[in-house]
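Below, each chain spelled out in residue letters.
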Amino acid sequence: MKTLLIACLAALPVLGAPQQFQLNLDAVAAKSSQHVDVFLNASTLQLAAKFLDGDDPDEAKVRKLIEGIEGIYVRHYNFKSAGTWTQADLEPIRAQLRGPEWSKIVGVTRTEEGGSTEVWLRLAGNKSIGVAIIATDPKEVTVVNIAGNINLKALAELGGHFGVPKVKPAEKPKKEE
Amino acid sequence: MDWLEDELRRALAREEPPVGFAKRVIARSARGPSGARRWLAAAAMVVVAVGAAGAWRQHQGYQTKQELMLALRLASAPMHRVQLEVKDISQ
């Protein structure tokens, strides 16, 4: 009975679906001028969903998007000047994502601008059970973990809605004739 | 006029309270408000507490919704950018 109780208590964090990797970004945080942390677990997501307006098209999309999500954990940092943070500061995150359960599906490096975006998927069999996003710019770092099954296309399409300006990729320089 | 004076004297005459009057007053004041008043006060307190809890939950709900929108803004912006970049490369 005692063993069963201990097993049940040990299972609690799994049932609560906490973040799927440690967002240990102390080195980045120490250098940042401003940071935003958002940690939403299943119960807070459910509460937020109740306050989403189904008649508002954007909020209706959000409600649909978060249906299969068990947690959203975001850390976003701003820096006063470029070169404040280094790639080594993100190594604790990347080291965790190199584990067998994670697969990198997209990696874009903007050499000229000095930024990059990586998208990692956590798979259980053929099913996606989590997403990790590492987005960097010279003056910004964003690390996201979404636990649960999320529609990545729908998430990308939310960009440009509710105050997010649509980002256009940098135009290629025209060749002189 | 004698009858009037007699009436006044009788009406204004000092009269001793009945036996045990002071004790009864003290005992009553020690008992506090009556049962009905106590129930009314308790009901009012319950109404105020329920109202405050509802307002607090409403406030928490809106705050959590704002946090969700912020989290999705931060998560969707790089995804949107990557989507456009990948589309641009593939074209």
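Keep in mind it's a predicted model, so treat the numbers as computed, not measured. (Residues numbered from 1 in each chain as written. Chains lettered and ligands numbered in written order. Predicted model: local features only at pLDDT ≥ 70, side-chain atom pairs only at ≥ 80, totals over all residues. Heavy atoms only, no water.)

Chemist: Give a description of the overall build of chain B that names residues and reports values.
Modeler: If you tally the helices and strands in chain B, you get three helices and zero strands. When the helices and strands of chain B are read in sequence order from the N terminus, they spell out α-α-α. At 38 Å, chain B has a C-alpha radius of gyration far larger than the 12 Å of a compact globule built from 91 residues. Each principal axis of the C-alpha distribution contributes one length, and for chain B these read about 125 × 30 × 15 Å. (Helix = DSSP H or I, 4+ residues; strand = E, 2+ residues; numbered from the N terminus. Rg over C-alpha atoms; globule rule 2.2 N^0.38 Å.)

Chemist: Run through the nonpolar core, naming residues and quoting values.
Modeler: Ranked by internal contacts, the top residues of the largest apolar core, which has 30 residues, are I72, I146 and L155 of chain A together with L68 and L72 of chain B. Formed by 17 residues, the second largest nonpolar core is a distinct cluster that contains Y73, Y77, I134 and V143 of chain A. (Core = buried A, V, L, I, M, F, W, Y, C linked by side-chain atoms within 4.5 Å. Buried < 20%, exposed > 50% of the residue type's maximum accessible area, 1.4 Å probe, protein only.)

Chemist: I'd like to hear about the pattern of salt bridges, residue by residue, with values.
Modeler: All names here are of chain B. By the definition in use, this model includes 14 salt bridges over all chains. In this structure, the salt-bridge partner of R10 is E7, at a minimum N-O distance of 2.9 Å. A residue pair is termed a helical-turn pair when its members lie 3 or 4 positions apart in one helix, as R10 and E7 do in helix α1 (residues 2-12) at three residues. The closest approach of N and O atoms between R14 and E16, which form a salt bridge, is 3.7 Å. (Salt bridge = Lys/Arg side-chain N within 4 Å of Asp/Glu carboxyl O.)

Chemist: With reference to specific residues and values, describe the packing of helix α3 (residues 42-50) of chain A against helix α3 (residues 35-90) of chain B.
Modeler: At a minimum axis separation of 8 Å, α3 of chain A and α3 of chain B run at an interaxial angle of 100°. In terms of their interaxial angle, α3 of chain A and α3 of chain B are classed as roughly perpendicular. When α3 of chain A is examined against α3 of chain B, the residues T44, L45, L47, A48 and K50 of chain A are found in contact with a partner set consisting of R57, Q60, G61, T64, K65 and L68 of chain B. Here the contact of α3 of chain A with α3 of chain B is built from residues that sort into four nonpolar, four polar and three charged. (Axes fitted to C-alpha atoms, helices over the stretch in contact; angles between N-to-C directions. Parallel < 35°, antiparallel > 145°, perpendicular 65-115°, else oblique. Contact = heavy atoms within 4.5 Å. Nonpolar A, V, L, I, M, F, W, Y, C, P; charged D, E, K, R; others polar.)

Chemist: Tell me about the environment of R98 of chain A, and name the residues and values.
Modeler: Residues and elements named next belong to chain A. Mapping R98 onto the fold places it in the loop between α5 (91-97) and β3 (102-110). Assessed through its relative accessible area of 51%, R98 is described here as exposed. Separated by 22 residues in the primary sequence, R98 and W120 place their C-alpha atoms 9.6 Å from one another. Excluding its chain neighbours within four sequence positions, the residues that come into contact with R98 are E91 and W120. Separated by 2.8 Å, the side chains of R98 and E91 make a polar contact. (Polar contact = N/O pair within 3.5 Å; in protein donor to acceptor, adjacent residues only side chain to side chain.)

Chemist: I'd like a rundown of the interface of chain A and chain B, residues and numbers included.
Modeler: Contact residues are listed per partner, giving 43 residues for chain A and 28 residues for chain B. Across the interface of chain A and chain B, roughly 3200 Å² is buried in total on both sides, 76% from carbon and sulfur atoms. Put simply, chain A and chain B have four salt bridges between them. The partner of R81 of chain B in a salt bridge is E113 of chain A, with the nearest N and O atoms 2.6 Å apart. Seen at the junction of chain A and chain B, the total is six residue pairs in polar contact (both at pLDDT 80 or more). With six residues, the top contributor of residues to the side of chain A that touches chain B is helix α6 (residues 152-158) of chain A. (Buried area = accessible area lost by both parts, 1.4 Å probe.)

Chemist: Provide a residue-level description of α3 of chain B, including the pertinent values.
Modeler: Along its 56 residues, α3 of chain B runs 81 Å from first to last C-alpha, staying within 8% of the 82 Å computed at 1.5 Å per residue. Approximately 25° is the largest bend angle found in α3 of chain B, and it occurs at S76 of chain B, with the proline P78 of chain B only one to four residues beyond. (Expected span 1.5 Å × (residues − 1). Bend = angle between axes of the 7 residues up to and from the residue.)

Chemist: How would you summarise the pairing of strand β2 (residues 69-78) of chain A if you had to cite specific residues and measurements?
Modeler: Residue and element names in this part refer to chain A. Extensive coverage of β2 is indicated by the burial of eight of its 10 residues. For strand β1 (residues 34-41) and β2, the ladder comprises eight bridges, and the chain directions are antiparallel. Looking at β2, one finds that D37 is bridged to R75. (Pairing = 2+ DSSP bridges.)

Chemist: Break down the sheet that holds β2 of chain A for me, with residues and values.
Modeler: Pairing within the open sheet is antiparallel, and its six strands lie in the order β1-β2-β6-β5-β4-β3 (chain A). Across the chains shown, the open sheet's two edge strands, defined by having one partner strand only, are β1 and β3 of chain A. Sheet twist, expressed as the mean angle between neighbouring strand axes with direction ignored, is 10°. Strands β1, β2, β3, β4 (115-124), β5 (127-137) and β6 (140-148) of chain A of the sheet are contacted by α3 of chain B, whose axis makes an angle of about 105° with β1 of chain A.

Chemist: Describe the confidence of the model for chain A, with residues and values.
Modeler: Taken as a whole, chain A shows an average pLDDT of 83; of its residues, 80% reach a score of 70 or greater. Low confidence marks residues 164-177 of chain A, where pLDDT is under 50. Its contacts with residues over four positions away, or in another chain, come to 17 contacts. (pLDDT = per-residue confidence, 0-100.)

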